[in-house]
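Chains, contacts and geometry: an overview
Letter by letter, the chains look like this.
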Amino acid sequence: MKTKTYAAIPEEFAKLESAKVVLIPVPYEGTVGTGKGPEAFLKASENMGLYDVETNTEVYKQGVYLTDPVLDNSSPENMVKAVHEITKKYIKRNKFVTIFGGDHSVSIGTIRAFNETFDSLTVLQLDAHANLNKKHNGSAYNSACAAYEASQTTNLIQVGIRSLNAIETTVMDEEKMYFAHEMAVDDSWMDNAIDQMTDNVFITFDVSALDISIMPNSASPEPGGLFWYETLDFLKQVFAEKNVVGFDIMGFCPNENNTASDALVARLYNKMLSYKFKDEDVDDSYDNSYDNTFVNKNSNTKFENDDEDY
Ligand SMILES: [Mn+2]
């Protein structure tokens, strides 16, 4: 795999020195078939329109530097170490660091790096699975354990959960656990979850959080889950109200016979970046101004209640 730049953006927006964003692909297979995730995501990103309608921005102009993929899979523990090291390296260069996996165990390394760098970190986990096992099959570096360390060392908030085992219920903080079946009938979860967050928030997004109908290609699909626009509504609010310090997207398990999921993760990544940088100016000399003057023949608006922020 080696895509030259994220989404085939021009080189001038892909240089490390000037890029505000760093994207680290981690095609770590784990035990579930997610090794091809980053490659499918990058390919789909190249086929996507990069202008974000909602925010009226082209976020890639903030600069996105694509690193070489992290390929260390000599052991799950060594992979986590390698991910931790590279994530921390780019955080220290004051980049907005994003990671695309890969098995969810990759996040043990990303969360550790952010938690060591940012004060009183909230980890917002969107996931079908709690991933709160201390060990699984003898290892602490397994997707089933992805959030255990975060549960002990950060303010962990879990959203979309609908699969866990009895032992995990002894670890979970019920107040900060948003079960999918409750979310489906009461949308107050969004405000409640945001109220529980500290200012610094790292988002770990396991694509299994999404409803199985819009994301059939997750590592361990579960029926139920979040739909597209409620997911965006929630993320939009989190980015608007909190200091999101970085994010990862994990657990994507592409199927070459159904590439709709590839398009979803490509758009999801671009959306999250767009929400992060929507108010930041692009410093460039690029001229994208057209003569936009036209005669407005009809002053009626499309919707009656135009109370959105964008
Ligand atoms: Mn997970």
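Going by the structure above, here's the rest.
Everything numeric here is computed off the predicted structure, so don't read it as measured data.

Here we come to the environment of M172. Turning to its location among the elements, M172 is positioned in the loop between α5 (166–169) and β6 (177–179). Take M172: there are 17 C-beta atoms within 10 Å of it, and that puts it in the partly exposed class. For the pair M172 and Q152, spaced 20 residues apart in the sequence, the C-alpha separation amounts to 9.9 Å.

Before going further, it helps to examine the pairing of strand β8 (residues 243–250). On a regular strand, one side chain projects to one face of the sheet and the next to the other, so that they alternate. The element β8 is largely enclosed, with a buried count of 6 among its 8 residues. The pairing of strand β3 (residues 96–101) with β8 spans 4 bridges and is parallel. Note on β8: the bridge partner recorded for I99 is D248. Where strand β7 (residues 200–206) meets β8, 7 bridges bridge the pair, whose relative direction is parallel. When the sheet's bridge partners are listed, I203 is paired in β8 with F247.

A few words on the sheet that holds strand β1 (residues 21–26). With respect to topology, 8 strands assemble into an open sheet ordered β2-β1-β3-β8-β7-β4-β5-β6, the strand pairing being parallel. Pairing within the sheet leaves two strands with one partner each, and these edge strands are β2 (64–66) and β6. For this sheet, the mean inter-axis angle between neighbouring strands, taken without regard to orientation, is 15 degrees. Of the pairings in the sheet, the one linking strand β4 (residues 122–126) to strand β5 (residues 155–161) comprises 5 bridges and is parallel in character. Residue pairing in the sheet places T122 in a bridge with N155 of β5.

This part is about the pairing of β4. Along β4, 5 of the 5 residues are buried, which leaves the element largely enclosed by surrounding structure. Read as a crossover between parallel neighbours, the route from β4 over helix α4 (residues 148–153) to β5 is right-handed.

Turning our attention to the environment of I24. Summarising the element assignment, I24 is placed in strand β1. Here I24 falls in the buried class, since 25 other C-beta atoms lie within 10 Å of it. Filtering out sequence-adjacent residues up to four positions away, I24 remains in contact with T67, V70, I86, T87, V97 and I99.

About the cut-offs
Counting restarts for each chain, with residues numbered from 1 along the sequence as it is written. Only residues with pLDDT of 70 or above have their local features reported here, since the model is predicted, and side-chain atom pairs are shown and tallied only from 80 upward, although totals for entire chains, interfaces and linings are computed over all residues. Secondary structure elements are taken from DSSP: a helix is a run of H or I of four residues or more, a strand is a run of E of two residues or more, and numbering for both begins at the N terminus. Buried means a residue has 20 or more other C-beta atoms within 10 Å of its own C-beta, exposed means 12 or fewer, and partly exposed covers the counts in between; C-beta atoms are placed from the backbone. Here, any two strands with at least 2 DSSP bridges between them count as paired. Interaxial angle, 0 to 180 degrees, is taken between N-to-C directions of lines fitted to C-alpha atoms, where a helix line uses only the stretch in contact. With strands facing away from the observer, any crossover in which the path from the first strand over the helix to the second runs clockwise is taken as right-handed. The contact criterion used is a C-beta to C-beta distance within 7 Å, with each C-beta placed from the backbone.

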